[in-house]
Amino acid sequence: MFNSMFSKQILATALFCLLFAGPGANGTENQPKKVDFKTQVRPILSNRCFACHGPDEGHVESGLRLDLVESATAPADSGAIAIVPGKVNESELIRRILSSDESERMPPPHFAAKLTELETQLIRDWISAGANYSKHWSFDSIHSLSPNSMVDLPTPSPFPDA
Ligand code: HEC
């Protein structure tokens, strides 16, 4: 009797915590959703933008390649920066895909239709989360290894048998 009441109380407390401490407590509420470049963003850019801003060296408009982070985050021919990681409102790419001015909108209206709301939202979320072009792990690990993070090994004793 006592036991079952006790466990009901625990259950109620746990439920309460889940309901009220949920999204706020783990800090995800105001953070942009995680978006994966390779599977979610690249296909959109590839279908809609790469014809003119992609890997085809012979056809790169405005000096802007959206397949390369170095190019996408540097000033293009006009001086504007397509992608400013973390800053949706400063990213020329966002201004261009949302523009109601047909002479500015990307992709150009004669070439392809406007991006859908979902596509636009994915790109926005990706840029606000830092526009991470996922690199191969072997590149990432170079940056995360600093001498300070190495384990301190004991200095070998000059008298191994001592
Ligand atoms: C059919 C070719 C074509 C496609 C497809 C295209 N663009 Fe463009 N884009 C251009 C041209 C041409 C310019 C330069 C003229 C201008 O600034 O409008 C340009 C310019 C831009 C600029 C400004 C560069 C600068 O110098 O400031 C951005 C940003 C941009 N495009 C983004 C995109 C994005 C994002 C997509 C896909 C959603 C896209 N474009 C698809 C042809 C294209």
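Keep in mind that what you see is a predicted model, and the values were worked out from it rather than measured.

Criteria and thresholds
- Residues numbered from 1 in each chain as written.
- Predicted model: local features only at pLDDT ≥ 70, side-chain atom pairs only at ≥ 80, totals over all residues.
- Helix = DSSP H or I, 4+ residues; strand = E, 2+ residues; numbered from the N terminus.
- Buried ≥ 20, exposed ≤ 12 C-beta atoms within 10 Å, placed from the backbone.
- Core = buried A, V, L, I, M, F, W, Y, C linked by C-beta atoms within 7 Å.

Enquirer: Which residues make up the overall build of the protein, and what values do they have?
Expert: For the protein, the count of helices and strands is seven helices and zero strands. Starting at the N terminus and walking to the C terminus, you meet the elements of the protein as α-α-α-α-α-α-α. For the protein, the residues scored as buried account for 14% of the 162 residues in total.

Enquirer: Give a detailed account of the nonpolar core, specifying residues and quantitative values.
Expert: Membership of the largest hydrophobic core comes to 17 residues, with the highest contact counts inside it found for Leu66, Ala82, Ile83, Leu93, Ile97, Trp126 and Ile127. For this core, the secondary structure elements donating two or more residues are helix 5 (92-98) and helix 6 (117-128).

Enquirer: I'd like a description of unusual backbone geometry, backed by residues and values.
Expert: The omega torsion of the bond from Met106 to Pro107 falls at -10°, within 30 degrees of zero and hence cis. As for its position among the elements, Pro107 is in the loop between helix 5 and helix 6. Backbone geometry places Ser62, a non-glycine residue, at a positive phi of 60°. With respect to the secondary-structure elements, Ser62 resides in the loop between helix 3 (50-53) and helix 4 (69-72). Even without glycine at this site, Ala131 takes up a positive phi of about 50°. For Ala131, the position within the fold is in the loop between helix 6 and helix 7 (137-144). Take Ala131: there are 23 C-beta atoms within 10 Å of it, and that puts it in the buried class.

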